[in-house]
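Given next are the chains, with one letter for each unit.
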There are 2 protein chains.
Amino acid sequence: MRVADLPTPALVIDSEAFAFNLDTMAAARPGRTLRPHVKATKCTALAREQAARGHMGFTAATPREIVGLAAAGLRDDLLLANQTVDPERLRAMAECGARVTVAVDSPETVDAAAGNGIREVLIDVNVGMPRCGCAPEAAGALADHARARDLTVRGVMGYEGHVVGLDDRAERVEKTTAAMFRLEEAHNAVGGDVISAGGTGTYDINELATEIQAGSYSLMDTAYAKLDVPFSYALRVVATVVHANAKFAVADCGLKALSLDHGNPDVENAAVWFCSDEHVTFAPRAAVRVGERVLVVPAHVDPSIALHECMYLADGPTLDADVVDRWPVDLRGWGA
Amino acid sequence: MRVADLPTPALVIDSEAFAFNLDTMAAARPGRTLRPHVKATKCTALAREQAARGHMGFTAATPREIVGLAAAGLRDDLLLANQTVDPERLRAMAECGARVTVAVDSPETVDAAAGNGIREVLIDVNVGMPRCGCAPEAAGALADHARARDLTVRGVMGYEGHVVGLDDRAERVEKTTAAMFRLEEAHNAVGGDVISAGGTGTYDINELATEIQAGSYSLMDTAYAKLDVPFSYALRVVATVVHANAKFAVADCGLKALSLDHGNPDVENAAVWFCSDEHVTFAPRAAVRVGERVLVVPAHVDPSIALHECMYLADGPTLDADVVDRWPVDLRGWGA
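Report follows, based on the coordinates. (Residues numbered from 1 in each chain as written. Chains lettered and ligands numbered in written order. Predicted model: local features only at pLDDT ≥ 70, side-chain atom pairs only at ≥ 80, totals over all residues. Heavy atoms only, no water.)

What about the environment of Asp 325 of chain A?
Residue and element names in this part refer to chain A. Worth spelling out the cut-off: In this description a helix means any DSSP run of H or I spanning at least four residues, a strand means any run of E spanning at least two, and both kinds are numbered starting from the N terminus. Here a polar contact means two N or O atoms within 3.5 Å. Within protein one must be a hydrogen donor candidate and the other an acceptor candidate, and residues neighboring in sequence count only if both atoms are side-chain atoms.
Looking at where Asp 325 falls in the secondary structure, it is placed in strand β16 (residues 323-328). Between the C-alpha atoms of Asp 325 and Ile 13, which are 312 residues apart in sequence, the distance is 9.7 Å. A distance of 3.3 Å separates a polar atom in the side chain of Asp 325 from a polar atom in the side chain of Trp 327.

Quick word on the packing of helix α3 (residues 63-71) of chain A against helix α4 (residues 87-94) of chain A
All names here are of chain A. Put simply, the rule reads: Convention adopted: a line fitted to C-alpha atoms gives each axis, helices being fitted over their contacting stretch, and angles between N-to-C directions are expressed from 0 to 180 degrees. These descriptions rest on fixed angle ranges, namely under 35 degrees for roughly parallel, over 145 for roughly antiparallel, 65 to 115 for roughly perpendicular, and the rest for oblique. Each crossing gets its handedness from the near helix: less than a right angle anticlockwise from the far helix is left-handed, clockwise is right-handed. Contacts are assigned to residue pairs that have any heavy atoms within 4.5 Å of one another.
In contact at an axis separation of 9 Å, α3 and α4 are set at 20 degrees when each is read in the N-to-C sense. In terms of their interaxial angle, α3 and α4 are classed as roughly parallel. As for how α3 packs across α4, the hand of that crossing is left-handed. Contacts between α3 and α4 involve Pro 63, Ile 66 and Val 67 from the former and Arg 89, Ala 92 and Met 93 from the latter.

Some words on the interface of chain B and chain A
Counted only if it meets this: Summed over both partners, the accessible surface that disappears when two parts come together, traced with a 1.4 Å probe, is what is meant by buried area. Criterion for a salt bridge: a side-chain nitrogen of Lys or Arg within 4 Å of a carboxyl oxygen of Asp or Glu. Nonpolar residues are Ala, Val, Leu, Ile, Met, Phe, Trp, Tyr, Cys and Pro. Charged residues are Asp, Glu, Lys and Arg, and all others, Gly as well, are polar.
Facing the 55 residues of chain B at the interface are 55 residues of chain A. Carbon and sulfur atoms make up 61% of the surface buried where chain B meets chain A, a total of about 4,200 Å² over both sides. Summed over the shared surface of chain B and chain A, the result is 4 salt bridges. Arg 64 of chain B is the salt-bridge partner of Glu 309 of chain A, the closest N and O atoms lying 2.8 Å from each other. For the pair chain B and chain A, the number of links is 16 residue pairs in polar contact (both at pLDDT 80 or more). Every element with two or more residues in the side of chain B that touches chain A is listed here: α5 (107-115), β9 (235-244), β12 (270-275) and α9 (301-305) of chain B. Here the side of chain B that touches chain A takes 3 residues from β9 of chain B, the largest share from any one element. Of the residues belonging to the side of chain B that touches chain A, the class tally is 22 nonpolar, 17 polar and 16 charged.

Details of the relation of the copies chain B and chain A
Between the two chain copies there is a screw-like relation: a rotation about an axis and a shift along it. Where we set the bar: Only residues with pLDDT of at least 70 in both copies contribute their C-alpha atoms to the least-squares superposition of the copies.
For these two chains of identical sequence, chain B goes onto chain A by a turn of 180 degrees and a shift of 0.0 Å along the axis, with RMSD 0.0 Å. Viewed as a symmetry operation, the transformation between the two copies matches a two-fold axis. Both copies present the same face, since 100% of the interface residues in chain B are matched by interface residues at the equivalent positions in chain A.

Considering the pattern of salt bridges
All names here are of chain B. Our working definition: Here's how the labels work: a residue is buried when its accessible area is under 20% of the maximum for its type, exposed when over 50%, partly exposed in between, all with a 1.4 Å probe on protein chains only.
Overall, the coordinates contain 47 salt bridges over all chains when judged by the stated rule. Across the salt bridge formed by Arg 89 and Asp 86, the nearest N and O atoms sit 3.8 Å from each other. The same class applies to Arg 89 and to Asp 86, which are both buried.

Next comes the structure, spelled out in structure tokens:
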């Protein structure tokens, strides 16, 4: 089956670009210096490819991702880089058969982890973005509290999420340095072997982190492509033209097939006008016919994948490429 | 179980507001003068409540929605208000046991329908929004082509999607009139009993339509609430506060739990700062603690529901309300 024969809309991975992205990152951040984040891709088959390149530890954003990775046999060293106080989900992670470490940033999150079977934690530190993470000056006392609850404190975590998407590399370098100054201050007070940070935009900038939590690099999107990173588009949505006239065309790929939070997608060989629930309206550079397929590149990979049940693997980036596998998006959702 | 005891993030329907919305619409648009659109809600349990109010026909945006409605026993009169040329999906609809009508707007979509077992169509007419639909002056010839292919042409369809969201009622009235002038011109050339059009923003404005395709009215969102429609919020996301400090708090409800294409959600009793993949950062009006639940109202109901596996039904709009049922979002996705 060719990409052009798939039912649409469907996510398609170009296996060559995907392998290039994984190999490029593995050369820059070998083994445990990369802890791939599965929140972007939500797919254990994809994670196995990262493990095959030597990255044995994974980062997750939800307990379901942790439990799903463990069920798929990826149990070596899993980090929930997020806070939860849900007793059932904490216990599910504690009992999933994997080595599980969770991020904590408050006495409440420490107590919830300790009270539900979790044994190892990282102190999550706010390094500049207004989201989770304790203040750097509070990290030492929180680590003491965790140790008093018999938790092993492996180190610190701090995500420079306000930096990873900045276009200008010099600005990324400057702001990463400032963010990691805060994380280093916290680490001095906390101790431990692990300093977990970073993402696709700072994987080669962040010098403090012992491990980088990048995920989007494997598939990329138009938002990250604006940066000077060496990764290629490996994810597209194949869509069918369902209407065409002299001015514009419409394909069956709308905002239920890709997320608009980072803006409109790109349609190859076309200018996008707008997306609605089920459709993208665009001006093609060359005339298209009803029934013809087009390729669409999402602006933000993470929430776009979360809308799909599966991704198809193809042996190239075109409509003529052969479909060689089907990967379930098996880590999406949160559990019932 | 109370709403505050649900695992988060979770969609929660306030059953009282939901019943009010359905009753209010059923009074204004009784029986077959409303053809509820399931694309917004993607839930056969919810559709059954609409059928119980006398609306026996449904509108759908995907073949999966049609086949799923039929499998749930809602087979009376189903309209695919969208174009498809997929032979397998057309055949699946033709063979699903329901009365199925599909929208067509080109010779290609007519031929695909006729060639794959579909027996009834509506001519979809562009009434002002650049999306699907033929030009009004082309509708008669297209109907002739459909009849030549042994299809029954039941009438016309035209969605004034460029009008339904306009805040100003006078402007909605004026532009609906203009749009329906185009649809009436097409109907004069096509014939048939059905003039299908409209949405939640024009259900009481559109005087031409024999049936209104409203869906969002049942649950509502902050975008439609800006209009002077009599429907109430009936859908919220319950989320857990996972971080709180003196300036802001963070809950576990981000852009994988609700769609941002119509802007940020509202957090009750708070000012929203921003959403990221898994989180909403907000300034609460009164202090919140880690572990506390908050209620979040999506800006756009359709793609938010499409991110969830289920919705919970509760007997009120608060965190203390009792959860009385769980409804699967069983019509999402597109099929494998």
